[in-house]
Amino acid sequence: MTLSAFIHVQHLLGTGHLLRAAAIGRALAARGVAVTLASGNTPPPLADLSGLDVVELPPVRARDARFKTFLTPDGCEIDDAWKAARREATLAAFAARDFDLLLTETWPFGRRPFAFEMEPLLAAATAAARPPLIAASIRDILVRKQELWKEQEMATRARAAYDLVLVHSDPDFVRLEDSFPFAGEIADLVSYTGFVDTSGARPEAPDGDGVDEVIVSCGGGAVGADLLARAIDARALSRGAQDCRWRLLAGHDIDAATLDGLVARAGDGIVVERARADFPSLLARARLSISQAGYNTVLDVLRAGVPSVLVPFAQIRETEQAQRAEALVRHGRAVAVAEAGLTAEQLAGAADAALELPRQDGFSVRLGGAEAAADRLIAALGERAA
């Protein structure tokens, strides 16, 4: 009998959550599992969704990094009627078949404003005649909450309904307790998978592209335009990289007017374009990477072994990228500079400092997170059936 899995994912600003969920879905599909991926936002153009039955739920995104206001594609704030429609769409997708596995990306360790949808989904799963294995998928670092009770609630929800919590990290590099004070309460549920490679099948860059360049990137989401703007001015100020081409890659959610403004400001030796599917091969050829410190970008940087400047996204109360950047700095793999008040002079100085770091081909942290997650989930299903 073919096993079946229902994966729920909601990305709000960046695209990393969706890309990780899709990578795990592809790994499950490669092992013969029928996978339904329910996406709460429009999948990004570069997402590899091959082998997955994708259900596009009514899409929503965050207005900004406060994660307080959520907007539909036409810019309207979601209301109770929208929430009801979204909840019904999610429950209908889950009821479409008798799933063996329910995998929730981030929840219950985040996405608290989506409790209107997630609590009924978990209730439907646990009330089923044949309840599925219920697992959570979380990245290496969680965003800390100001109110400790919210973090306690995460552990309580996991303890009450979940069979497994997959942490996509190498515990020798970053552990769950580094960012989650109640990790001990769910220690028996936790399984580290290693970092998830979300790149999928990526094309090779055309001849010449990326060779001895500075690659400046800001992920696939809407944030990061300020970093690209500072990079335009930093090129002329860098002692170690002013002689090479700087290639600036804008996320697909950065609006066209902002992109056009960056293109207009870029002078000789600077290329501004949209994010590219061949990003990993550009990094492998580059002299230097300048980027934020998102999960997927950092993996690409580490795999390439390229000297790196990290400018972690840290607006409002975001702590995740700063903590990840600190880990890389501790391991001698990057130079970090704060996003707040970033100047072209600071960025140029960080670039020169990073170029002093030795280039390292490959890295020692544990990879294969999607494959390990799939194997662990299938093993757990087998143990349950035995």
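Structure shown above.
Rules of the game
Residues numbered from 1 in each chain as written. Predicted model: local features only at pLDDT ≥ 70, side-chain atom pairs only at ≥ 80, totals over all residues. Heavy atoms only, no water. Disulfide = S-S within 2.5 Å. Buried < 20%, exposed > 50% of the residue type's maximum accessible area, 1.4 Å probe, protein only. Core = buried A, V, L, I, M, F, W, Y, C linked by side-chain atoms within 4.5 Å. Helix = DSSP H or I, 4+ residues; strand = E, 2+ residues; numbered from the N terminus. Contact = heavy atoms within 4.5 Å. Right-handed = clockwise from strand over helix to strand, strands pointing away. Phe/Tyr/Trp six-rings, centres within 6.5 Å; stacked < 30°, edge-to-face > 60°. Lys NZ or Arg CZ within 6 Å of the ring centre and 35° of its normal. Expected span 1.5 Å × (residues − 1). Pairing = 2+ DSSP bridges. Axes fitted to C-alpha atoms, helices over the stretch in contact; angles between N-to-C directions.

**Q** Kindly report on the state of the cysteines, identifying the contributing residues and their values.
**A** Here, the word disulfide means a covalent bond between the sulfur atoms of two cysteines. Evaluated as defined, the whole model comprises zero disulfides. Residue Cys244 stays outside any disulfide, its sulfur separated by 19 Å from that of Cys218, the closest cysteine. We classify Cys244 as buried; its relative accessible area is 5%.

**Q** How would you explain the nonpolar core if you had to name every residue and give the values?
**A** Leu28, Leu37, Leu101 and Leu377 are the most contacted members of the largest nonpolar core, which totals 44 residues. No other element matches the eight residues that helix 1 (residues 16-30) contributes to this core. Filtering out sequence-adjacent residues up to four positions away, Leu37 remains in contact with Ile7, Val9, Leu18, Ala21, Ala22, Leu49, Leu52, Asp53, Val54 and Val55. Leu12, Ala115, Met118 and Phe182 belong to the second-largest nonpolar core, a separate cluster that totals 42 residues.

**Q** An account of the pairing of strand 13 (residues 288-291) is requested, with residue identities and associated values reported.
**A** Every second residue of strand 13 is oriented toward a common face, with Leu288 and Ile290 on one face and Ser289 and Ser291 on the other, all of them buried. Viewed along the sheet, the connection from strand 13 through helix 8 (residues 295-304) into strand 14 (residues 308-310) turns out right-handed.

**Q** Just give me the short version of the packing of aromatic side chains, but keep the residues and values in it.
**A** Under the defined criterion, the tally for this structure stands at 10 aromatic pairs. With a centroid separation of 5.3 Å and 65° between ring planes, the pair formed by Phe6 and Phe99 is classed as edge-to-face. Here Phe99 lies in the loop between helix 2 (80-94) and strand 6 (101-105) and Phe6 lies in strand 1 (residues 4-9), a separation of 93 residues in the sequence. Across this residue pair, the class does not change: Phe6 and Phe99 are buried. Chaining the aromatic ring pairs together yields one cluster made of Phe70, Trp82, Phe114 and Phe116. Between the NZ or CZ atom of Arg20 and the centre of the ring of Tyr295, over which it lies, the distance is 4.5 Å.

**Q** Describe helix 1, listing the residues and the values that go with them.
**A** The end-to-end C-alpha separation of helix 1 is 21 Å, in line with the 21 Å expected for 15 residues at 1.5 Å each. With 13 of its 15 residues buried, helix 1 lies for the most part within the structure. With its phi angle positive at about 90°, Gly32 sits one or two positions after the end of helix 1.

**Q** Break down the sheet that holds strand 3 (residues 53-56) for me, with residues and values.
**A** Paired through their backbone hydrogen bonds, the strands of a sheet run either parallel or antiparallel. Strand order in the open sheet formed by seven strands is 3-2-1-6-7-8-9, with parallel pairing between adjacent strands. Looking along the sheet, the strands with just one partner apiece sit at the ends: strand 3 and strand 9 (190-192). The mean inter-strand angle of the sheet, taken between neighbouring strand axes irrespective of direction, is 20°. Relative to strand 6, helix 3 (residues 115-127) is tilted by about 160°, and along the sheet it contacts strand 1, strand 6 and strand 7 (133-139).

These results come straight from atomic positions and should not be treated as a statement about function.
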